[in-house]
Amino acid sequence: MIRRLPIRAVGAGLVAVAVPAASLAQEGSLEEIVVTAQKREQSALEVPMTVDVFTDKDIEETGALNLIEMQDFIPGFEMGDNPTQSTISVRGVSSVNISTGGDPSVATFYDEVYVPRAATTASFTDLQRVEVLKGPQGTLYGRNAAAGVVSIVPNLPGAQTEGFIRQRIGNYNLFRVELMGNVALSDDFFVRANVLKNRRDGYLENLAPGGPDPGKQDNLAARISALWQVSDRTSLQFAYDFDRVDNAPRPAVGLSPWAACPNDPRCDEILNDVIDGEESRDMWAANVKLNHEINDDWAVKFILGQRAFETINRQDEDGTAEIDRYLDTDNIEDSDITYSELQFSFSNERVDLVFGGNYSTENVRQEIPVNTNADSVMRLVTSQIVADIENTFGVPIEFVTGGILIDHLWDPVQMSAFMALQGTAVTPQQVVLLGDQLYDQVAPLIPGGLFFGPGFSGTPWSEIYFTEGDFTNWGIYGDADFRINERWSVIAGLRYSNDEKTFSWRNPANTFTSFRPGIPDIIFVPNPLYPEARSGTLRAMHDWNKVSGRGVVRYQLTDSAQVFASYSTGYISGGYDSLDLATSDNPLRPQESENLELGLKGNFADDSLRLQLALFSMDIEGRQRTVDSRQPGEPNPIPRVNTGDQSFDGVELVLNWLPTDKLRIGIMTTWRDAEATWESYFDANAELVVDTSASTTDTDYTLTVGWAPEMERGSLDLRIDYIFNENTSELDETSVVDASQYPGFYEDREDLNVRIAWQSEDEQWTAALWGKNLLDQKLLGGIGDISILFGTPFTSVDAPRTFGIELGYGF
């Protein structure tokens with residue numbers, strides 16, 4: 001049978017378990033990787049579930065800064081590019097990306113403590129590994145583990161004196177330095193500290209005056225931890241970490257005639273005139289873990305963690321520098337979460353048992369401003385007036401005005417033509433002479449009185465939602481692994497989860513009312529059914545509960561290979577949409593998932609070949625996603641939560657092969673078919689979308705080749721990564737823009753990354769050359785249509801080719 005590791009609570013030993021990368025060879029075999037996917041230390045080959053591991057060596061070789069830069073090396077794992085608003089997707093299941101009243105579909109844990117969505121992209125500093133658990137993990141992890149779990153495992157302090165300094169420099173003025181030191185202050189007290197600083201210039205030139213260049217990064221992260229070995233059976237760990245992000249906002253690469261490069265969005269130039277644009281996060285966390293081995297069979301662990309962060313994400317939403325097409329959004333969050341867990345474990349020759357409970361409280365505060373100006377508002381007002389005229393006459397506006405196009409009524413010629421339609425003869429010269437007085441006379445004729453003159457040009461206009469939530473989650477769980485004989489074993493587990501959410505909304509009048517009292521909102525149009533949100537505070541409270549579980553049957557083929565079949569369920573509580581007051585009465589329904597999986601994993605060919613193969617079928621009820629939606633009567637779309645049911649069928653394969661002691665080959669691939677039926681919604685054009693069944697097919701793979709030739713002095717290691725992602729953007733039924741006219745859309749992604757590293761004979765000095773995205777493909781992302789009524793859709797563009805060198809010293 002596979003060698004079983006002790007059942008002791010993770011971290012209870014004197015020194016942290018060192019886990020080398022699976023791709024490294026030692027005497028022609030792949031080395032063992034230890035994981036804690038089942039809340040106990042086990043060989044990854046022993047765990048009867050699909051677990052992918054990104055090791056410390058992988059982090060070093062790929063230069064990954066956070067989870068976003070890890071996604072190419074874990075099949076079925078994806079993330080967005082915004083560090084403060086990224087959503088994690090596992091096997092195609094992601095979640096809403098703005099509403100704090102909802103929850104992610106993938107739970108993330110850092111050092112065994114749950115972290116909220118905006119905190120998942122903490123910088124990789126002195127990590128031991130990152131584990132990605134595929135499929136529902138509700139039994140052992142509970143909250144929000146409906147599609148999977150990401151477990152980030154930092155290194156523990158140890159008895160040895162060690163440290164390192166690593167520097168990474170490259171084009172676009174990239175500068176990254178990381179330092180770590182570990183020391184034993186006594187025979188039983190150890191301290192480990194590390195700090196990372198990362199800085200890079202932007203890779204797109206922003207032609208708007210004063211605008212930041214997108215792609216600019218500025219990160220600072222640090223962590224200090226201490227381990228006190230109280231006795232041979234008891235240990236106490238303390239840790240504090242800090243993470244600061246101060247990046248440029250994500251780019252809005254314009255696709256309109258007013259963009260920097262209307263016909264070529266990949267021209268490396270943009271016009272983003274967002275005022276005070278930034279993407280920033282200040283975050284700190286502290287936690288304590290007590291591990292105690294009661295006897296040779298029993299152990300207990302207590303975890304207590306606190307994390308707090310503040311984020312700002314103000315970004316351009318039009319991709320132009322036109323004053324009368326200006327739109328930006330912001331997402332400001334302030335979160336405090338306390339997480340605790342008490343865990344008991346038992347192990348003997350026949351059974352491994354883990355049971356316990358967790359309790360967490362979270363307080364979130366969110367501000368969602370949308371900022372524009374009077375010039376842009378009048379453009380929207382004009383478009384609504386023109387639409388009414390065209391509906392009345394049944395012909396385009398030019399046929400009504402005698403050839404004059406009307407798109408902004410502050411233009412004297414256009415205003416003159418409009419007045420003629422009202423039966424009043426006013427020349428363009430008179431329009432200029434009368435100024436705001438004329439517009440004030442016309443205002444009573446416009447529904448809502450939303451009409452004013454050019455004297456307000458440049459006046460800011462902001463609308464905002466304030467939300468606040470208090471969330472409580474608790475659960476109890478038990479999971480048992482029974483070994484029937486040397487070949488067969490079964491696992492059964494259950495969890496009861498309870499979530500209670502209190503949520504509130506405030507939607508005060510727009511800032512322009514300080515100049516024109518009573519003027520209505522145009523973006524966050526108030527819901528008349530909930531006046532308390534405008535005059536005071538709208539409050540809601542609800543609770544949800546669910547029993548989730550898993551059952552697994554495992555058959556041991558050899559001492560190092562197994563097949564398994566599993567059924568597991570997961571759950572996300574219902575919640576509230578930060579921008580939809582109606583969810584106060586009708587909360588978002590819970591998201592419930594169930595997964596059937598067949599797996600094969602193990603070492604073959606004298607331990608020179610490692611394989612992990614999974615076939616899965618997952619059904620989700622109440623799946624939540626975000627769509628840009630404009631309901632009838634609203635002048636502009638806003639992001640709203642849309643729910644539906646979805647099913648996935650797929651295959652994942654991870655293979656590592658050592659043809660020789662010096663050559664290693666790895667392949668990771670996934671194929672997935674998805675079908676969904678969504679609840680009807682209004683799209684960005686205010687058209688009701690009813691037939692929303694969709695099917696997508698994804699094929700992604702990463703091919704890695706490593707070569708370590710013999711050298712007289714030191715060692716050389718070459719790594720080449722080729723990454724392929726099938727483009728399925730044209731299957732996105734939520735888009736209202738035809739992107740086929742632009743180069744770069746609907747292209748499959750192909751990346752080539754190369755790193756060649758040298759290490760001294762004493763393994764203290766390292767030097768490397770590296771390059772990323774060497775094919776310089778510059779793929780375009782999805783279509784942003786929140787400013788569609790300004791005629792200014794936009795997209796994003798991948799980072800260009802980057803390259804540089806690394807230097808390191810360790811002891």
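What comes next is a walk through the structure.

The rules we used
Residues numbered from 1 in each chain as written. Predicted model: local features only at pLDDT ≥ 70, side-chain atom pairs only at ≥ 80, totals over all residues. Heavy atoms only, no water. Pairing = 2+ DSSP bridges. Helix = DSSP H or I, 4+ residues; strand = E, 2+ residues; numbered from the N terminus. Axes fitted to C-alpha atoms, helices over the stretch in contact; angles between N-to-C directions. Disulfide = S-S within 2.5 Å. Buried < 20%, exposed > 50% of the residue type's maximum accessible area, 1.4 Å probe, protein only. Phe/Tyr/Trp six-rings, centres within 6.5 Å; stacked < 30°, edge-to-face > 60°. Lys NZ or Arg CZ within 6 Å of the ring centre and 35° of its normal. Contact = heavy atoms within 4.5 Å. Core = buried A, V, L, I, M, F, W, Y, C linked by side-chain atoms within 4.5 Å.

**Comments concerning the sheet that holds strand S8 (residues 106-110)**
Inference 1: Sheet architecture is open: 5 strands sit in the order S5-S10-S11-S8-S9, paired in mixed fashion. Of all strands in the sheet, those bounded by a partner on one side alone are strand S5 (51-55) and strand S9 (113-115). Looking at each pair of strands side by side, their axes are set apart by 25° on average, direction ignored.
Inference 2: Pairing of S8 with S9, which is carried by 3 bridges, proceeds in the antiparallel orientation. Paired with Thr-108 across the bridge in S9 is Val-115.

**Observations regarding the state of the cysteines**
Inference 1: Considering all chains together, one arrives at 1 disulfide under this definition.
Inference 2: Paired through a disulfide, Cys-261 and Cys-267 show a sulfur-sulfur distance of 1.9 Å. Measuring the twist about the S-S bond at about 85°, one finds the Cys-261-Cys-267 disulfide to be right-handed.
Inference 3: Residue Cys-261 is classed as buried on the basis of its relative accessible area of 15%.
Inference 4: Judged by relative accessible area, Cys-267 falls into the partly exposed class, the value being 22%.

**A look at the packing of aromatic side chains**
Inference 1: Overall, the coordinates contain 30 aromatic pairs when judged by the stated rule.
Inference 2: Measuring from ring centre to ring centre gives 5.8 Å for Phe-452 and Phe-456, while their planes differ by 80°; the resulting arrangement is edge-to-face.
Inference 3: Taking the relative accessible area as the measure of exposure, Phe-452 reaches 0% and is therefore buried.
Inference 4: Measuring from centroid to centroid gives 6.4 Å for Tyr-809 and Phe-811, while their planes differ by 35°, and the two rings are tilted.
Inference 5: Taken together through their ring pairs, the aromatic side chains of Trp-410, Phe-452, Phe-456, Trp-461, Phe-512 and Phe-515 make up a single cluster.
Inference 6: Positioned above the aromatic ring of Phe-471, the side-chain terminus of Lys-501 is 5.2 Å from the ring centre.
Inference 7: The ring centre of Trp-678 lies 3.9 Å from the NZ or CZ of Arg-625, which sits over that ring.

**Quick word on the side chain of Ser-548**
Inference 1: Relative to the helices and strands, Ser-548 is located in strand S27 (residues 538-558).
Inference 2: Setting aside chain neighbours within four positions, we find Ser-548 in contact with Gly-138, Thr-139, Gly-493, Leu-494, Arg-495 and Thr-569.

**A closer look at the nonpolar core**
Inference 1: Residues Met-415, Phe-418, Phe-451 and Phe-452 are the most contacted members of the largest nonpolar core, which totals 57 residues.
Inference 2: Looking at this core, the elements with two or more residues in it are strand S24 (351-373), helix H3 (374-393), helix H4 (397-401), helix H5 (412-421), helix H7 (436-442), strand S25 (460-483), strand S26 (488-506) and S27.
Inference 3: The biggest single contributor to this core is H3, with 8 residues.
Inference 4: Leave out the neighbours within four places in its chain, and Phe-452 touches Ala-374, Val-377, Met-378, Trp-410, Tyr-439, Trp-461, Phe-512, Arg-516 and Ile-519.

**Things to note about the environment of Gly-142**
Inference 1: Along the chain, Gly-142 falls in the loop between helix H2 (138-141) and strand S11 (148-154).
Inference 2: The spacing of Gly-142 and Ile-756 is 614 residues in sequence and 42 Å in space, taken between C-alpha atoms.
Inference 3: Filtering out sequence-adjacent residues up to four positions away, Gly-142 remains in contact with Gln-137, Arg-495, Ser-497 and Tyr-571.

**What about the pairing of strand S30 (residues 609-629)?**
Inference 1: The pairing of strand S29 (residues 591-604) with S30 spans 13 bridges and is classified as antiparallel. Note that in S30 the partner of Leu-598 across the bridge is Leu-615.
Inference 2: Joining the antiparallel neighbours S29 and S30 is a turn of 4 residues, in which Ala-605 adopts a positive phi near 55°.
Inference 3: Relative to strand S31 (residues 638-657), S30 runs antiparallel, the two being bridged by 20 bridges. By the bridge assignment, Glu-621 is partnered in S31 with Asp-645.

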